[in-house]
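Geometric and topological summary
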Amino acid sequence: NAGVTQTPKFQVLKTGQSMTLQCAQDMNHEYMSWYRQDPGMGLRLIHYSVGAGITDQGEVPNGYNVSRSTTEDFPLRLLSAAPSQTSVYFCASSRDRGLSNQPQHFGDGTRLSIL
Amino acid sequence: AQSVTQLDSQVPVFEEAPVELRCNYSSSVSVYLFWYVQYPNQGLQLLLKYLSGSTLVKGINGFEAEFNKSQTSFHLRKPSVHISDTAEYFCAVTPSGGYQKVTFGTGTKLQVIP
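What comes next concerns the included structure. (Residues numbered from 1 in each chain as written. Chains lettered and ligands numbered in written order. Predicted model: local features only at pLDDT ≥ 70, side-chain atom pairs only at ≥ 80, totals over all residues. Heavy atoms only, no water.)

Thoughts on the overall build of chain B
A count of helices and strands for chain B gives 0 helices and 12 strands. For chain B, the α and β elements follow one another from N to C terminus as β-β-β-β-β-β-β-β-β-β-β-β. Relative to the compact-globule value of 13 Å for 114 residues, chain B shows a C-alpha radius of gyration of 14 Å, a close match. By its C-alpha atoms, chain B is 45 × 30 × 20 Å across when sized along the principal axes. Counting only contacts in chain B whose residues sit at least 6 apart along the sequence, the fraction spanning at least 24 positions is 56%. Roughly 5,400 Å² of accessible area belongs to chain B as shown, and the carbon and sulfur atoms make up 50% of that amount. Separation of charge centres in chain B, based on 8 positive and 8 negative side chains, amounts to 11 Å. (Helix = DSSP H or I, 4+ residues; strand = E, 2+ residues; numbered from the N terminus. Rg over C-alpha atoms; globule rule 2.2 N^0.38 Å. Contact = heavy atoms within 4.5 Å. Areas by Shrake-Rupley, 256 points an atom, 1.4 Å probe, with all protein chains shown as cover. Lys, Arg positive; Asp, Glu negative; His and termini not counted. Charge placed at Lys NZ, Arg CZ, Asp CG, Glu CD.)

A short note on the side chain of A:Gln37
Tracing the sequence through the fold places A:Gln37 in strand β4 (residues 31-38). A:Gln37 sits in the buried class, given a relative accessible area of 13%. Among all residues touching A:Gln37, those that are not within four sequence positions of it are A:Gly42, A:Leu43, A:Ser87, A:Val88, A:Phe90, B:Gln38, B:Glu88 and B:Phe90. (Buried < 20%, exposed > 50% of the residue type's maximum accessible area, 1.4 Å probe, protein only.)

Comments concerning the state of the cysteines
Residue and element names in this part refer to chain A. The tally for this structure, following the rule as stated, stands at 2 disulfides over all chains. Each disulfide pairs two cysteine sulfurs, and for Cys23 the partner residue is Cys91, the sulfurs being separated by 1.9 Å. Judged by the torsion about the S-S bond (-70 degrees), the Cys23/Cys91 disulfide is left-handed. Here Cys91 lies in strand β9 (residues 87-94) and Cys23 lies in strand β3 (residues 19-25), a separation of 68 residues in the sequence. When its relative accessible area of 0% is taken as the criterion, Cys91 is described as buried. (Disulfide = S-S within 2.5 Å.)

Description of the sheet that holds strand β7 (residues 64-66) of chain A
Residue and element names in this part refer to chain A. The strand order β1-β3-β8-β7 describes an open sheet built from 4 strands, whose pairing is antiparallel. The open sheet terminates on both sides in strands that have one partner only, identified here as β1 (4-7) and β7. Strand-to-strand twist across the sheet, computed as the mean angle between neighbouring axes with direction ignored, equals 20 degrees. Of the pairings in the sheet, the one linking β7 to strand β8 (residues 76-78) comprises 3 bridges and is antiparallel in character. Residue pairing for β8: Asn65 is matched across the bridge by Arg77. (Pairing = 2+ DSSP bridges. Axes fitted to C-alpha atoms, helices over the stretch in contact; angles between N-to-C directions.)

Some thoughts on the interface of chain A and chain B
With 25 residues of chain A at the contact, the number on the chain B side is 25 residues. Counting each side, the surface lost to burial between chain A and chain B is near 1,800 Å², with a carbon and sulfur contribution of 56%. Across the chain A-chain B interface, the total number found is 0 salt bridges. Linking chain A to chain B there are 2 residue pairs in polar contact (both at pLDDT 80 or more). Mapped onto the side of chain A that touches chain B, the elements with two or more residues apiece are β4, β5 (42-51) and β9 of chain A. Its residues assigned to classes, the side of chain A that touches chain B comprises 10 nonpolar, 11 polar and 4 charged. (Buried area = accessible area lost by both parts, 1.4 Å probe. Salt bridge = Lys/Arg side-chain N within 4 Å of Asp/Glu carboxyl O. Polar contact = N/O pair within 3.5 Å; in protein donor to acceptor, adjacent residues only side chain to side chain. Nonpolar A, V, L, I, M, F, W, Y, C, P; charged D, E, K, R; others polar.)

Shown next, in the form of structure tokens:
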């Protein structure tokens with residue numbers, strides 16, 4: 001039972017480079033989201049999706065793009081990496097698009113450093 | 001919009017002692033409340049949740065939390081902590097009804113001292 005799988009676990013980029021953080025879930029969950037976690041700031045929502053083909057912005061979307069072509073996958077793209085994007089990124093999913101009482105299942109995170 | 005305040009960034013406690021991690025929230029509508037735990041180098045795992053009904057909620061690993069609407073609080077408690085409880089704990093809130101964005105607190109690091 002894999003749950004939510006994030007790859008890579010670690011990545012170092014140079015300023016200006018682009019990359020894609022992968023997220024896949026095998027629970028047939030409708031809702032998926034991306035957060036970044038920074039010291040003393042908790043988790044902040046970057047983008048989310050309530051189903052295939054539907055995405056929306058969260059609290060801190062600038063510099064990131066997402067797409068949701070399948071139920072299983074929700075990649076996060078950094079267009080032109082900046083040092084301010086150094087963070088730990090978490091992908092999460094939950095069962096239903098319409099129920100805020102559903103807890104989220106989290107991946108183990110991607111630790112990203114931008115030099 | 002809602003907000004969550006975790007008053008303590010770090011809480012040291014001796015093994016087998018009780019612990020309370022504090023969480024206060026602000027919202028103009030009714031809410032659902034969650035506590036998550038994050039072990040080192042892992043994602044967040046759900047400890048417990050309050051949706052409605054009894055204000056005392058029991059979760060995994062012997063944790064419980066009490067919803068206090070008048071004080072807008074949802075404090076997490078454990079009567080006797082173990083070394084394995086060393087982790088970071090996050091309180092989260094979302095407006096009830098329909099899917100709404102979850103707001104997380106800044107986290108409390110629980111350090112259990114042998």
